[in-house]
Amino acid sequence: MSINTALLGELKHEGANTKKIIERIPTERLDWGPHEKSMTIGKLATHIADLPIWIGRILNADVYDFASSGSSEKKETTEAILELFTNRLNEAEQALSAATSDELFNAIWTVSSNNQVVYQLPKIAAIRSFTYNHIYHHRGQLSVYLRLLDIPVPGMYGPSADEN
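None of these values were measured; they are calculated from a predicted model.

**Section: the overall build of the protein chain**
For step 1, the next point in the chain: Summing up its helical and strand segments, the protein chain has six helices and three strands in all.
For step 2, the next point in the chain: The order of α-helices and β-strands along the protein chain, N terminus first, is α-α-α-β-α-α-β-β-α.
For step 3, the next point in the chain: Taking 2.2 N^0.38 as the reference for a compact globule, 164 residues should give roughly 15 Å; the C-alpha atoms of the protein chain span a radius of gyration of 17 Å, in line with that estimate.
For step 4, the next point in the chain: Taking the principal axes of its C-alpha atoms as reference, the protein chain extends roughly 45 × 40 × 20 Å.
For step 5, the next point in the chain: Counting over 164 residues, the protein chain shows a buried share of 43%.
For step 6, the next point in the chain: A total accessible area of about 8800 Å² is found for the protein chain, and carbon and sulfur atoms account for 50% of it.

Below, the structure written as structure tokens:
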């Protein structure tokens, strides 16, 4: 199996899980946060929804400089966050589908800030850590936010305590 096929399968499977958890967020609670140092639930969900954009960024460039990055816009409704996630997921699927060379995934990706190298790693490792693992990490945080709000948490890899 090619690398892009394996990554694409995981993206689709985990994308469905991520959508399930974002759907549970009530629009009227988007400004809620568990602590003053924590992101609001709306900002956290928007960040998660935007993360698949990194797959194309990683595959289509060898260097990314954080000094050139901008911040994501605030979404006012859960539906808008889900729309962003759907769009980013579609873009990521297209980028993975187009990347048919395993050599591309082994090419080095460099992250810098103001042209100072922060780190370098193979693109496959960057996709796994910078996108997939990053989404899973924040999705876990989001499940805790839902629990604190007494909103049923959907199961990701089988039923949750809220499902039979």
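**What about the packing of helix α1 (residues 3–23) against helix α6 (residues 123–148)?**
For step 1, the next point in the chain: The interhelical angle for the contact between α1 and α6, taken along N-to-C directions, is 15°, at an axis separation of 11 Å. It follows from the interaxial angle that α1 and α6 lie roughly parallel. Here the hand of the crossing between α1 and α6 comes out left-handed. Of the residues in α6, those in contact with Ile3, Leu7, Leu8, Glu10, Leu11, Glu14, Asn17, Thr18, Ile21 and Ile22 of α1 are Ile124, Ile127, Arg128, Tyr132, Ile135, Tyr136, Arg139, Leu142, Ser143 and Leu146.
For step 2, the next point in the chain: Along the lines of polarity and charge, the residues of the contact of α1 with α6 split into 13 nonpolar, three polar and four charged.

**Here's the deal with the sheet that holds strand β3 (residues 116–122)**
For step 1, the next point in the chain: In spatial order, the strands read β1-β2-β3; together these three strands make up an open sheet with mixed pairing. If you trace the sheet from one side to the other, it starts and ends with β1 (63–65) and β3, each paired once. Geometrically, the sheet is characterised by an average inter-axis angle of 20° between neighbouring strands, direction not taken into account.
For step 2, the next point in the chain: With three bridges joining them, β1 and strand β2 (residues 108–113) adopt parallel strand pairing. Residue pairing across strands places Asp65 opposite Ser112, the latter belonging to β2.
For step 3, the next point in the chain: Against the sheet, α6 touches β2 and β3, its axis set at about 100° to β3.

Reading guide: rules and limits
- Residues numbered from 1 in each chain as written.
- Predicted model: local features only at pLDDT ≥ 70, side-chain atom pairs only at ≥ 80, totals over all residues.
- Heavy atoms only, no water.
- Helix = DSSP H or I, 4+ residues; strand = E, 2+ residues; numbered from the N terminus.
- Rg over C-alpha atoms; globule rule 2.2 N^0.38 Å.
- Buried < 20%, exposed > 50% of the residue type's maximum accessible area, 1.4 Å probe, protein only.
- Areas by Shrake-Rupley, 256 points an atom, 1.4 Å probe, with all protein chains shown as cover.
- Axes fitted to C-alpha atoms, helices over the stretch in contact; angles between N-to-C directions.
- Parallel < 35°, antiparallel > 145°, perpendicular 65-115°, else oblique.
- Left-handed = near helix turned anticlockwise from the far one by under 90°.
- Contact = heavy atoms within 4.5 Å.
- Nonpolar A, V, L, I, M, F, W, Y, C, P; charged D, E, K, R; others polar.
- Pairing = 2+ DSSP bridges.

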